[in-house]
Amino acid sequence: MASRAGLQTAATTLGVANIKTLQFAGSGRNFSVGQNYTPADPWPAVPVKNYTAIANFDTGAMRVELTREMGPVMPRGGGAPFFGEQRAIQVVGGNYAWNVPPPAPNAPAGNAAPQPGAQLERMLALWSTPQGFVKAAMANNATTRAARGGTEVSFMVGGKYKMTGTLNAQGQVEKVQTWIDHPIVGDMLVETTYGGYKDFGGVMFPSRILQTQDGYPSLDLTVSAVTANPAFDAPVPDNVRSAKPAPVQVASQKLADGVFYLTGGSHHSLAIEMRDHIVVVDTPQTEERALAVLAKAKELIPNKPIRFVVTSHHHWDHLGGIRTAMDEGATIVTHQSNKAFLERVAKTPHTIAPDRLAASKKAVKIQTVGDKGQLTDGTRTIELYRLAGYEHTGDMLVVYLPMEKILAEPDAFSAPAQVGTPLIPPAVPYAKALYDNIQRLKLDVKTIAPFHGNRLTDVAELARAAGVGSAN
Ligand SMILES: [Zn+2]
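All figures in this text were calculated on a predicted structure; none of them were measured in a lab.

So, how was this worked out
Residues numbered from 1 in each chain as written. Predicted model: local features only at pLDDT ≥ 70, side-chain atom pairs only at ≥ 80, totals over all residues. Heavy atoms only, no water. Axes fitted to C-alpha atoms, helices over the stretch in contact; angles between N-to-C directions. Helix = DSSP H or I, 4+ residues; strand = E, 2+ residues; numbered from the N terminus. Parallel < 35°, antiparallel > 145°, perpendicular 65-115°, else oblique. Contact = heavy atoms within 4.5 Å. Nonpolar A, V, L, I, M, F, W, Y, C, P; charged D, E, K, R; others polar. Donors = N, O, S within 2.8 Å, 3.2 Å for Na, K, Ca; no water. Tetrahedral: all angles 85-135°; square planar, octahedral: opposite > 155°, others 65-115°. Buried < 20%, exposed > 50% of the residue type's maximum accessible area, 1.4 Å probe, protein only. Pairing = 2+ DSSP bridges.

Packing of helix α2 (residues 119-128) against helix α3 (residues 130-139) leaves a shortest axis separation of 5 Å and a crossing angle of 90°. Considering the angle they form, α2 stands roughly perpendicular to α3. On α3, the residues that touch Leu-126, Trp-127 and Ser-128 of α2 are Pro-130, Gly-132, Phe-133, Lys-135 and Ala-136. In the contact of α2 with α3, the residues fall into 5 nonpolar, 2 polar and 1 charged.

Moving on, we get to the coordination of the zinc ion. Distances from the zinc ion to its protein donors, namely His-313 (NE2), His-315 (ND1), His-392 (NE2) and Asp-411 (OD), fall within the range 2.1 to 2.3 Å. Considering all 4 donor atoms around the zinc ion, the spread of angles at the metal, 84 to 175°, places the coordination shape in the irregular class. Along the chain, the residues that donate to the zinc ion are spaced as H-x1-H-x76-H-x18-D. One end of the pair, His-392, is in the loop between β22 (381-386) and β23 (397-401); the other, Asp-411, is in the loop between β24 (406-409) and α10 (428-440), and 19 residues separate them in sequence. Of the residues examined, Asp-411 reaches a relative accessible area of 16% and is grouped as buried.

The next point concerns the sheet that holds strand β21 (residues 372-376). With respect to topology, 5 strands assemble into an open sheet ordered β21-β22-β23-β24-β25, the strand pairing being mixed. Lying at the two open borders of the sheet, with one neighbouring strand each, are β21 and β25 (447-450). Each strand of the sheet is rotated relative to its neighbour by a mean of 20°, with strand direction disregarded. In terms of strand pairing, β23 meets β24 through 3 bridges, oriented antiparallel. From the neighbouring strand, Val-399 faces β24, where its bridge partner is Ala-408.

Written out as structure tokens, the structure reads:
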């Protein structure tokens, strides 16, 4: 059968029979997925000075080491601010994934950090490499068919995860598609395109790798070196093998009558009591976190339904539980630029790891806000303002309670653990933007409740952090 022969041609072209391990290195850009300026913008790009991947196809292990570099200005959009060089080592070995702290001079090796949530993506990345894809296709009884002058190859890896790829007539893997579970966008397409195949010292390998996630570029590499069969194994560290997921905890702090600051993790929320209902601001990260946040809100404010969930902005870390909020039946209050995106999120297929909304299929209710909006019950008013001139995101709604003089905000300013610690340079413009907006809107703020960090702060500390030293 001609198409079956296509897979055989690829095996020969790519030398898979003789390649047990493979290393490739290059440079380019990676991108902060889920952190675009608006849902219609691409993911923000970060320069990658060095990218080295090494795979062992026999043991199902891969290690990626990358060095990224950031100047004093972050690209437009989100992503955790950093300054200078940032090294990361990411490993997958069988059913486990972990990160290794980069070795520092004269310091003992740090402990591996378990990353169970990254295992699927990393495992599929290993089998998405050209040689990996052909090996996996042969090992998993792939179906093949003639397509566009080449061969389309499909199979399931791990008995559960679909992979599809196209081979050209020369036996080069041109494109690989995989799908990974994501709490917001569901079965998320990860598509890797390979071009510019060259003979790298006896190994045919692409000189260009372009990957997209959810439709926008996520990795763009120019490959400069490839080595076949270097020594590599990645035994699973004991602490990774025995790691238990940290329990989701929601702590609460009463900021005013009926106003609760919900903390206990890396991303905080707010629960506000209204006359006959509850308003929650942000259901971050995952369905598990969102369920715990919603449960805590109902425990603190008993016998009232959660009628509104306000999304501070569309970045995926803060939006991870939005489908849980939809399933709760709450109206989602968001900036108008997110409406189409959230309508897609409400309907996107979740077959890899079905969530509550996948089962309930509830219709989504969205209430949009422009530059300002409010929620009121006649007594309490919640004011929402879009931050202007804020490069982290175009849709940031900060929450202001005029009676209580409380401002809740994610990402613009997180008070450092130690009072007086200066912000790193790329974080200063964010604090400055928040400060400028508070002045522009003439908000009388006594307490700032940041959605990151471990304490409340105020405008005086914000002003110092923003470099507006003599402000009142
Ligand atoms: Zn953000």
